[in-house]
Amino acid sequence: MGDRTVLTTCPRDCYDACGIEVALRADGAIRHVRGDPNHPVSRGRLCAKCTAAYNGVFLDPRARLTTPLIAGRAATWDEALGHIARRLTAILDDPAAGSHTILNAHYTGTDAALGYGFGQRFMRTLGAREVDPDTICNKAGHVALEYLYGTSEDGFDPRTAADARCIMVWGANPSTSAPHQHEHWLSEAPGAVIVVDPIRTETALTADLHLQPFPGSDAALAFALGHVIVRDHLHDVELLARHTIGWPDLEPIVSRCTPQWGEETTGVPAPDIEQAAHLYGARPSLLWLGQGFQRQPRGGNAIRAVAQLAAISGNLGRPGAGVLYLNGSDSRGIDWDYLTAAGLPDHSPAPISHMDLADWLEDPARTRALIAWNINPAASNPQQARLRRALARPDLFTVAIDLFPTDTTDLADVVLPAASFLECDDLVTSYFDITLSAQVKAAEPPGDALPNTEIFRRLASAMGMTAPALHESDREVIDRLLQRAHLNLSFEDLARRGTVQVTPEPAVQFADLRFPTPSGHVELASEQAHADGHPRIPEPHADPRPCGGRLRLLTPASRWFLNASFSNEPRLERRRGPATVTLHPRDARDRGLTAGDSAVLRSEIGEITLTVALSADVPRGVALAPKGRWPRLEPQGANVNVLNPGIAADMGASTSVHGVEVTVTAVSAPPPAISRAPDGDPRAGTPDAA
Ligand code: SF4
């Protein structure tokens, strides 16, 4: 008795944006954090990882950062901010350095609008060099869809699934990365479900049809589907003639990509290619483009090839049809320019890619300081061993802002404690549903922790920056964002309702068949792509299969982590067990491995020992080792990113992490600390297990 409840929203980097009910004791302390029973997505239940963490480490002051730290020692905010200001000012004043040698690394530690975006006002004014956030995740897909449709962030309205005869989920695993959309939206949709994924995931198991292409062959598979759609006259001749550019160039290539060729190239049986093409080609159909299959060496080409199926089949501009990569906050009327810039002059130089971060951090001429917020690059980035060594450079000044001690805060000169989403107001825009939600403060932050926004206001003050936009209060920013969204909503209205749909009826994507490309058409052939050094039209490409006994390493999300969040939640430790590599039983047998053995995975830049698991859900030739663990909590002080050389994909200088190849061999002795001492090219002399 005496409890009151607060409705809020989960701001994680997750499609679901669950509604949350926080029960408070009479003294204001949080009793528990649960799914809001009246929320259309969460329906009273959060995912297992958030249930554990939001009621565990998020509420445990012993697990949280509660005071600023300078060189590991507790400090006051004034001391920490004064120290940062002195160090940054010295860099600004040094003619051999300057603001362009201060790197600004941030991403989706929170996806709420202010927590994600407001700090950019400070960074622009400072003139720090941004590490392009999406290059660690999904930039290739964004670039590819811009070429094709002119937008990557105006997806279909999920409510339109009620009208769809088919939903094709390509390269996404909602059972892990959108668990409520998997459990409710996908299972309740009346149409047939096709899943395209190299792994037989839980999503694939519940689908009507599962296509299992070898990683890196998605573009070839898409062309084979396109062949059947055209051969069997399921294509939309009028749409192709009136609303696309490049079909005459593309059609002859599509006509060569028969299902038999598709089977030989991708490993998907020709009858399954035929069936998928007929299901998807029977309009209207939805196409959900996941992010996994664009993390390939030619991931941008793959996205173009798959996404163009919607245009070929006429699955555009009608209820129940369309494509979704992400729904950006613009579709909720969130004024991103105001939030992140507010008219401030932008002194930032050209950004760099996360694929190059280790290079930059190693080089004192290019990098004097790093400010890392909403991100844990020491755990998440490629070139892990090099990057960690570079972060430890004595002359590099590093500031890390986080809720918890992490691998990155361990290596930082100054650590600033951040408030969690339970401790500040904000706005949340799901990147699946076209909704707007309130993140509502339910409790005070522990100790001296502060919201990101307040940290950046104080940093601006410490640096002597006086522009009013740097000092707007959260409430002013939220009110202005809501006014500019023209939804006739105050924050109190939104907080009361939790989540609102932006339009009462499902929106029809590209309803007028006008596309925000240079031509206004779907650009199957893109002059802009060509000018940027890419093929004018996508190619039916498949990566060469690994040889020399190597396996293709896939490192997707696990249900127990969210990117680099939740690794420190003890209640999840037993459930996730030790770090594993899952192999097809025959691949394991060929290597003399059985379940529970230790195996060494080696790439050209590093090695790690993992526990072997066996499953025929993983195809031959693939090693599956989910991401998300914190090196500081692993016995070897490393995670699978120690294997990733950080080769950029074909577009957007984006990650190609799912193109990494490894050898997998048995070990009979405890492994050396290989992340710190790679031993040359481990591929030499590896027996071919084929
Ligand atoms: S991470 Fe996703 S599934 Fe889990 S509570 Fe948050 S929004 Fe819901």
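Everything quoted here is computed from the prediction, not taken from an experiment.

Asker: Give me the overall build of the protein chain: which residues, what numbers.
Answerer: Scanning the protein chain for helices and strands turns up 25 helices and 27 strands. Taking 26 Å as the expected radius of gyration for a compact globule of 690 residues, we find that the protein chain reaches 25 Å, a close match to that expectation. Taken along the three principal axes of its C-alpha coordinates, the protein chain extends 70 × 65 × 60 Å. Every one of the 690 residues in the protein chain was classed for burial, and the buried ones make up 59%. Expressed as a percentage of contacts within the protein chain between residues at least 6 apart in sequence, the contacts between residues at least 24 apart total 77%.

Asker: An account of the sheet that holds strand β9 (residues 192-196) is needed here, citing residue identities and associated values.
Answerer: Strand order in this open sheet of five strands is β10-β9-β8-β12-β13, and the pairing throughout is parallel. Pairing within the sheet leaves two strands with one partner each, and these edge strands are β10 (209-211) and β13 (322-324). Pairs of neighbouring strands in the sheet enclose a mean axial angle of 15°, with direction left out of account. Two elements, strand β12 (residues 285-289) and β13, share three bridges in a ladder whose sense is parallel. The partner of leucine 286 across the bridge, within β13, is glycine 322.

Asker: Describe the site of the ligand, listing the residues and the values that go with them.
Answerer: The full set close to the ligand counts 13 residues, and Cys10, Cys14, Cys18, Cys47 and Cys50 are the nearest of them. Classifying every residue of the shell around the ligand by side-chain character gives nine nonpolar, two polar and two charged.

Asker: Describe in detail the packing of helix α5 (residues 139-149) against helix α14 (residues 299-312), supporting the description with residues and values.
Answerer: It is at 8 Å that the axes of α5 and α14 come closest, and there the two elements cross at 45°. On the basis of their axis angle, the class for α5 and α14 is oblique. The hand of the α5/α14 crossing is right-handed. Of the residues in α14, those touching α5 at Ala140, Gly141, Val143, Ala144, Leu145, Tyr147 and Leu148 are Gly299, Gly300, Ile303, Arg304, Ala307 and Gln308. The residue inventory of the contact of α5 with α14, partitioned by class, reads eight nonpolar, four polar and one charged.

Asker: Describe the pairing of strand β22 (residues 551-554), naming the residues involved and giving the relevant values.
Answerer: As defined by bridge partners, β22 adjoins strand β27 (residues 661-666) across two bridges and the pair is classed as antiparallel. Note that in β27 the partner of leucine 551 across the bridge is valine 662. As judged from the three bridges shared by β22 and strand β26 (residues 622-624), these two strands associate in the parallel manner. Across the sheet, residue arginine 552 finds its bridge partner in β26, namely valine 622.

Asker: Residue-level account of helix α4 (residues 119-126), with values.
Answerer: Of all eight residues making up α4, eight are buried, and the element is well covered by its neighbours. Of the residues one or two after α4, glycine 127 is the one with positive phi, at around 85°.

Asker: Talk me through the nonpolar core; I want residue IDs and the actual numbers.
Answerer: Of all hydrophobic cores here, the largest spans 179 residues; its most connected members are Ile167, Ile194, Leu225 and Leu289. With ten residues, the single largest contributor to this core is helix α9 (residues 218-231). Sequence-distant contacts of isoleucine 167, defined by excluding residues within four places in its chain, comprise Ala161, Leu186, Ala189, Gly191, Val193, Leu286 and Trp288. Of all hydrophobic cores here, the second largest spans 29 residues; its members include Leu554, Leu610, Val618 and Ala625.

Asker: Explain the pairing of strand β25 (residues 607-614) to me, and be specific about the residues and the numbers.
Answerer: As defined by bridge partners, strand β23 (residues 580-583) adjoins β25 across four bridges and the pair is classed as parallel. Residue pairing in the sheet places threonine 580 in a bridge with threonine 611 of β25. Of the pairings in the sheet, the one linking strand β24 (residues 598-602) to β25 comprises five bridges and is antiparallel in character. Residue pairing for β25: leucine 601 is matched across the bridge by isoleucine 608. Counting the residues between successive antiparallel strands, the hairpin from β24 to β25 contains four residues.

Asker: Tell me about the domain arrangement of the protein chain, and please be specific about residues and values.
Answerer: Many analyses report the size of an interface as the accessible area lost when the parts associate. Structurally, the protein chain comprises domain 1 (4-59), domain 2 (69-136 + 335-428 + 443-487), domain 3 (139-328 + 508-531) and domain 4 (551-676). The distance between the C-alpha centroids of domain 2 and domain 4 comes to 30 Å. Taken together, the contact between domain 2 and domain 4 spans 20 residues of the former and 23 residues of the latter. Sorting the residues of the side of domain 2 that touches domain 4 by element identifies α17 (377-380), α18 (384-391) and α19 (407-410) as the ones contributing at least two each. Sort the elements by how many residues they give to the side of domain 2 that touches domain 4 and α17 lands first, with three residues. Broken down by class, the residue content of the side of domain 2 that touches domain 4 amounts to eight nonpolar, ten polar and two charged.

Asker: For the environment of asparagine 315, give the residues involved together with the corresponding values.
Answerer: The residue asparagine 315 is located in the loop between α14 and β13 in this model. Considered as a pair, asparagine 315 and alanine 282 are 33 residues apart in the sequence and their alpha carbons are 9.0 Å apart. Once residues within four sequence positions are removed from consideration, asparagine 315 is found in contact with Arg283, Pro284, Ser285, Leu287, Ala310, Ala321 and Gly322.

Asker: Give a description of the sheet that holds strand β19 (residues 435-439) that names residues and reports values.
Answerer: The strand order across the open sheet built from three strands is β18-β19-β20, with neighbouring strands paired in antiparallel fashion. Of all the strands in the sheet, the pair left with one neighbour each is β18 (426-428) and β20 (499-501). For this sheet, the mean angle separating the axes of adjacent strands, direction not counted, is 25°. Sheet topology note: the β19/β20 ladder contains three bridges and is antiparallel.

Asker: Give a detailed account of the environment of aspartate 272, specifying residues and quantitative values.
Answerer: Secondary-structure assignment places aspartate 272 in helix α13 (residues 270-281). Judged by C-beta crowding, with 18 C-beta atoms within 10 Å, aspartate 272 ranks as partly exposed. Residues aspartate 272 and aspartate 363, spaced 91 residues apart in sequence, show a C-alpha to C-alpha distance of 51 Å. Each residue touching aspartate 272, except ones within four places of it in the same chain, is listed here: Leu209 and Leu211.

Each value, and the rule that gives it
Residues numbered from 1 in each chain as written. Predicted model: local features only at pLDDT ≥ 70, side-chain atom pairs only at ≥ 80, totals over all residues. Helix = DSSP H or I, 4+ residues; strand = E, 2+ residues; numbered from the N terminus. Rg over C-alpha atoms; globule rule 2.2 N^0.38 Å. Buried ≥ 20, exposed ≤ 12 C-beta atoms within 10 Å, placed from the backbone. Contact = placed C-beta atoms within 7 Å. Pairing = 2+ DSSP bridges. Axes fitted to C-alpha atoms, helices over the stretch in contact; angles between N-to-C directions. Near = placed C-beta within 6 Å. Nonpolar A, V, L, I, M, F, W, Y, C, P; charged D, E, K, R; others polar. Parallel < 35°, antiparallel > 145°, perpendicular 65-115°, else oblique. Left-handed = near helix turned anticlockwise from the far one by under 90°. Core = buried A, V, L, I, M, F, W, Y, C linked by C-beta atoms within 7 Å. Domains from an automatic or database assignment.

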